[in-house]
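Summary of the model geometry
Single-letter residue listing:
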Amino acid sequence: MKPKTIAVLFGGRSGEHEVSLVSAESVMKALDPTRHTVVPVGVDKEGRWWTGPGAMAYLRRGEGEAPADCRPCLLPPDPTRRSLIVFSDDGSEEIPIDVVFPVIHGTFGEDGTMQGLFELADLPYVGAGVAGSAVAMDKVLQKRLHRDAGLPVPAFLHYYSTAIRERAEEIAAEVEAALGMPLFIKPPNLGSSVGISKARNREELVAALRHAALFDRKVLVERAVPEAREIEVAVLGNQDPVASIPGEVVPSNDFYDYDAKYVDNASALHIPADLPDALADRVRALAVKAFRTLDCEGMARVDFLLSRVDGSLFINEINTIPGFTSISMYPKLFAAVGIPYAELLERLIALAERRHAEQRALLRSYTPKTDWHRRDG
Ligand SMILES: Nc1ncnc2c1ncn2[C@@H]1O[C@H](COP(=O)(O)OP(=O)(O)O)[C@@H](O)[C@H]1O
Ligand SMILES: [Mg+2]
């Protein structure tokens, strides 16, 4: 069998640039070299694309001139090429790509923009498509679809940031009357807990609304789940996805904020989560339903909040490009149910190819049998 060329994308223009490098490094190490040729593709913080053996080291350094083994490159949207164009001092060459594996978290990687480019380029790619990625990225749209599908989400409201800048006090009063306290206030399109605060009173709410409004054009406000446990489920598949067992994150801080995620390194993962069987089954079924509600494909990690106070369970969010280091929750949950890291990658690549083949088989044009609509003919 001819080895497949897999372009692994990392870095990107988001707050999760560094996390992405760690995830992608694990992916590239684990891809079976007898079955695949890995083409590393790094997107730097300015959005320039780089490839070559030195691309990862160059992005890690994050400054200075690119070394000789790291060349500028582009993925053209032209579907007749299906190649990476690599530039050198004396011209350019094309590297044909079989599958793209995007490991870029957050903005311009996980939000459908990058996926749109892969669609235009007619390349199979791992993970959710354009709409699934975009909707999962936007916590307001995501929650509205979940609520519409009858899935449990905390009560929420959302406002435009322009409105918050004009009348934060008025909005805060309205929010408190509708949802009470305490609340979580979030910029809906960010990740890694950036811009998120918890408000326990009106004053904190006003400050939190103003703070979140700095990061996004909308702000989401939702009722806090009291003493929430953080339960996470990994989902794998296209139209018939499977759920892993649930795991639990025990954050090192009051909530799972940026420091707890990346700085303190003290948050513990428990696999499996300590849950009664019936509840674990319910969480897994909800994870699959949420995945399908948002039209996800390939992979996603579905995060839940489970109240220690009254046992109420809510879907918190879906991540379509979850953390992918070998010690991240998503791969560890599947490893725990007998799908080791390297095999998980093979399955994701196969799912990407299957979706692409299915899409290619669809009719792309339609020739009407009659010409009734041709008024000018
Ligand atoms: N409604 C809520 N009730 C209780 N805790 C919450 C709520 N929403 C968010 N949190 C806490 O904030 C963290 C980050 O929120 P989340 O919506 O997951 O944003 P991100 O996309 O940045 O991970 C969660 O992991 C949880 O600890
Ligand atoms: Mg989260």
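Above this text you will find the structure in question.
Quick summary incoming for the structure in this document. (Residues numbered from 1 in each chain as written. Chains lettered and ligands numbered in written order. Predicted model: local features only at pLDDT ≥ 70, side-chain atom pairs only at ≥ 80, totals over all residues. Heavy atoms only, no water.)

1. Quick word on the layout of surface pockets
Counted only if it meets this: Space inside and on the surface of the protein is sampled on a 1 Å grid over the protein atoms alone, with a cavity defined as a set of points where a 1.4 Å probe fits but cannot get out and a pocket as an open set with protein on both sides within 12 Å along at least 5 of 7 lines; lining residues have an atom within 4 Å of a point. Grid points are joined across faces, edges and corners, and a volume is the space filled by probe spheres set on the points. Helical segments are the DSSP runs of H or I of at least four residues, strand segments are the runs of E of at least two, and each set is numbered from the N terminus.
Counted as a void, the second largest pocket has a volume near 230 Å³. Gly-129, Asp-295, Cys-296, Glu-297 and Arg-355 are the residues nearest the centre of the second largest pocket, which is lined by 15 residues in total. The dominant element in the lining of the second largest pocket, judged by the number of residues it contributes, is helix 4 (residues 130–137), at three residues.

2. Describing the sheet that holds strand 4 (residues 71–74)
For the record, the criterion: Only when DSSP finds a minimum of two bridges between them are two strands counted as paired. Axis definition: a line fitted to C-alpha atoms, limited for helices to the stretch in contact. Angles are taken between N-to-C directions and run from 0 to 180 degrees.
The sheet built from seven strands is open, its strands ordered 6-5-4-3-2-1-7 with mixed pairing. Whereas interior strands pair on both sides, the edge strands pair on one side only; in this sheet they are strand 6 (91–96) and strand 7 (99–102). Mean inter-strand twist for the sheet, computed between neighbouring axes without regard to direction, equals 35 degrees. In the sheet, strand 3 (residues 49–51) pairs with strand 4 via two bridges, with the strands oriented antiparallel. Paired with Trp-50 across the two strands is Pro-72, which belongs to strand 4.

3. Re the pattern of salt bridges
Opposite charge on two side chains permits them to pair, given that their charged atoms come into close proximity. The test is simple: By convention in these notes, a salt bridge is any Lys or Arg side-chain nitrogen within 4 Å of a carboxyl oxygen on Asp or Glu. Exposure categories follow from relative accessible area, calculated using a 1.4 Å probe and restricted to protein chains: below 20% of the type maximum is buried, above 50% is exposed, and the middle band is partly exposed.
Tallied over the entire structure, the rule returns 24 salt bridges. The partner of Arg-292 in a salt bridge is Asp-240, and the shortest N-O contact between them spans 3.8 Å. Here Arg-292, found in helix 9 (residues 277–293), pairs with Asp-240, found in the loop between strand 12 (228–237) and strand 13 (242–243); they are 52 residues apart in sequence, far enough to count as distant. Judged by relative accessible area, which is 64%, Asp-240 ranks as exposed. One network of salt bridges, in which partners are shared, links Asp-44, Glu-46 and Arg-48.

4. Observations regarding the nonpolar core
Within soluble globular proteins, side chains that are nonpolar generally end up buried alongside one another. To keep things clear, this is the line we draw: The definition of a nonpolar core used throughout is a set of buried Ala, Val, Leu, Ile, Met, Phe, Trp, Tyr and Cys residues joined through side-chain atoms within 4.5 Å. Domains are outlined according to an automatic or database domain assignment. Pairs of residues are marked as contacts when any of their non-hydrogen atoms sit within 4.5 Å.
Val-8, Val-27, Phe-101, Phe-324 and Leu-348 are the most contacted members of the largest nonpolar core, which has 37 residues in total. Broken down by element, this core gets its largest block of residues, seven residues, from helix 11 (residues 341–360). Each of two domains, domain 1 (4–125) and domain 3 (228–360), supplies a minimum of three residues to this core. Filtering out sequence-adjacent residues up to four positions away, Val-8 remains in contact with Ala-24, Val-27, Met-28, Leu-31, Val-38, Val-39, Pro-40, Val-41, Phe-101 and Val-103.

5. A closer look at the side chain of Thr-320
One can find Thr-320 in the loop between strand 17 (313–319) and helix 10 (329–336). Sequence-distant contacts of Thr-320, defined by excluding residues within four places in its chain, comprise Glu-110, Ala-128, Gly-132, Ser-133, Ala-136, Cys-296, Met-299 and Ala-300.

6. Examining the pairing of strand 9 (residues 183–186)
Of the two faces of strand 9, both are covered, the one formed by Leu-183 and Ile-185 as well as the one formed by Phe-184 and Lys-186. Where strand 9 and strand 10 (residues 197–199) come together, three bridges link them in antiparallel fashion. When the sheet's bridge partners are listed, Leu-183 is paired in strand 10 with Ala-199. Where strand 9 and strand 11 (residues 218–223) come together, four bridges link them in antiparallel fashion. Bridging from a neighbouring strand, Lys-186 pairs with Leu-220 of strand 11.

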